[in-house]
Amino acid sequence: MQQGPLRAILASPDARNAENSKFEMLFLRFRENEERENLSPFEHLVSIGELYKTLASGADKLTVVAFAKKIGVHESLVSRARSVFAAQDQILNVFGNVYDMSFRDLQEALASLERRTNPSPNRRQSPES
């Protein structure tokens, strides 16, 4: 019995496994970089934010507390990281060398960006003469 040429069958992994694989790869990269290099606060927060986004996209309801426990950080850091990750392009474009910014500098940068995009409605305008 002769058979035709062998053909490969490619099956796409289900979305959940692909997202978990991406998360695991990002998590390993994060831990390796964290141990090997002295990550700047900006790099640290962007990495955590990216990890959260990757894992949350495949999870039914991922809580910040569960995620923080999974990667071994405090939940307040996760919240800050999500904000920095979401605004990373703006931060890079508006501020100087973000790699020299402290956690406090980044918090102030986020507040500054927020004020720029959502000016306070309670501010009084100067009366016209």
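Up top is the structure.
In this text the structure is predicted, and so the values were computed from the model without any measurement.

Visitor: Even after reading the chapter, I still don't get the overall build of the protein, so can you show me in this structure?
Guide: Scanning the protein from terminus to terminus reveals 6 helices and 0 strands. Listed N to C, the secondary structure of the protein is α-α-α-α-α-α in terms of helices and strands. Looking at the protein residue by residue over its 129 residues, the buried ones come to 30%. Contacts in the protein between residues at least 24 apart in sequence constitute 58% of all its contacts with a sequence separation of at least 6. In the form shown here, the protein has an accessible surface area of approximately 9,800 Å², with 48% of it arising from carbon and sulfur atoms.

Visitor: Is there a simple way to think about the packing of helix 4 (residues 75–86) against helix 6 (residues 103–117) in this case?
Guide: Each packed pair of helices is defined by two parameters, the angle between the axes and the distance between the axes. Where helix 4 meets helix 6, the closest approach of the two axes is 11 Å, and the angle between their N-to-C directions is 55°. It follows from the interaxial angle that helix 4 and helix 6 lie oblique. Along this stretch, helix 4 crosses helix 6, giving a crossing that reads as left-handed. Across the interface between the two elements, Leu 77, Arg 80, Ser 83 and Val 84 of helix 4 pack against Phe 103, Gln 107 and Leu 110 of helix 6.

Visitor: Got a minute to help me understand the packing of aromatic side chains in this structure?
Guide: What characterises a pair of aromatic rings is the spacing of the ring centres plus the angle enclosed by the ring planes. According to the stated counting rule, one finds 2 aromatic pairs in the structure shown. Ring geometry for Phe 42 against Tyr 99: centres 5.6 Å apart, planes inclined by 90°, an arrangement best described as edge-to-face. Of the two residues, Phe 42 sits in helix 2 (residues 41–56) while Tyr 99 sits in the loop between helix 5 (88–94) and helix 6, which places them 57 residues apart along the sequence. Assessed through its relative accessible area of 3%, Phe 42 is described here as buried. When the centroid spacing of 5.1 Å and the interplanar angle of 90° are considered together, the rings of Tyr 52 and Phe 67 count as edge-to-face. Of this pair, Tyr 52 sits in helix 2 while Phe 67 sits in helix 3 (residues 64–71), placing them 15 residues apart in sequence.

What counts as what
- Each residue is numbered by its place in its chain's sequence as written, counting from 1.
- Only residues with pLDDT of at least 70 get local features here, since the model is predicted, and only at 80 or more are side-chain atom pairs given and counted; chain-wide, interface and lining totals rely on the full set of residues.
- Values reported for side chains reflect all heavy atoms of the structure, with hydrogen atoms and water molecules removed beforehand.
- Per the convention used, a helix needs a DSSP run of H or I reaching at least four residues, while a strand needs a run of E reaching at least two, with both numbered from the N terminus.
- Three exposure classes are used, based on accessible area relative to the maximum for each residue type with a 1.4 Å probe and protein chains only: buried under 20%, partly exposed in between, and exposed over 50%.
- Only heavy atoms matter for contacts: two residues are in contact if any of them lie within 4.5 Å across the pair.
- Accessibility throughout is a Shrake-Rupley quantity obtained with a 1.4 Å probe, and a residue counts as covered only by protein chains that appear here.
- Here an angle of 0 to 180 degrees is reported between the N-to-C directions of two axes, which are lines fitted to C-alpha atoms, with helices fitted over the stretch in contact.
- Relative orientations are named as follows: roughly parallel for angles under 35 degrees, roughly antiparallel for angles over 145 degrees, roughly perpendicular for angles from 65 to 115 degrees, and oblique for any other angle.
- By definition, any crossing whose near helix is turned counterclockwise from its far helix by less than a right angle is left-handed, and any crossing with a clockwise turn is right-handed.
- The criterion for an aromatic pair is that two Phe, Tyr or Trp rings (for Trp, the six-membered ring) have centres within 6.5 Å, with stacked assigned to planes under 30 degrees apart, edge-to-face to planes over 60 apart and tilted to the rest.

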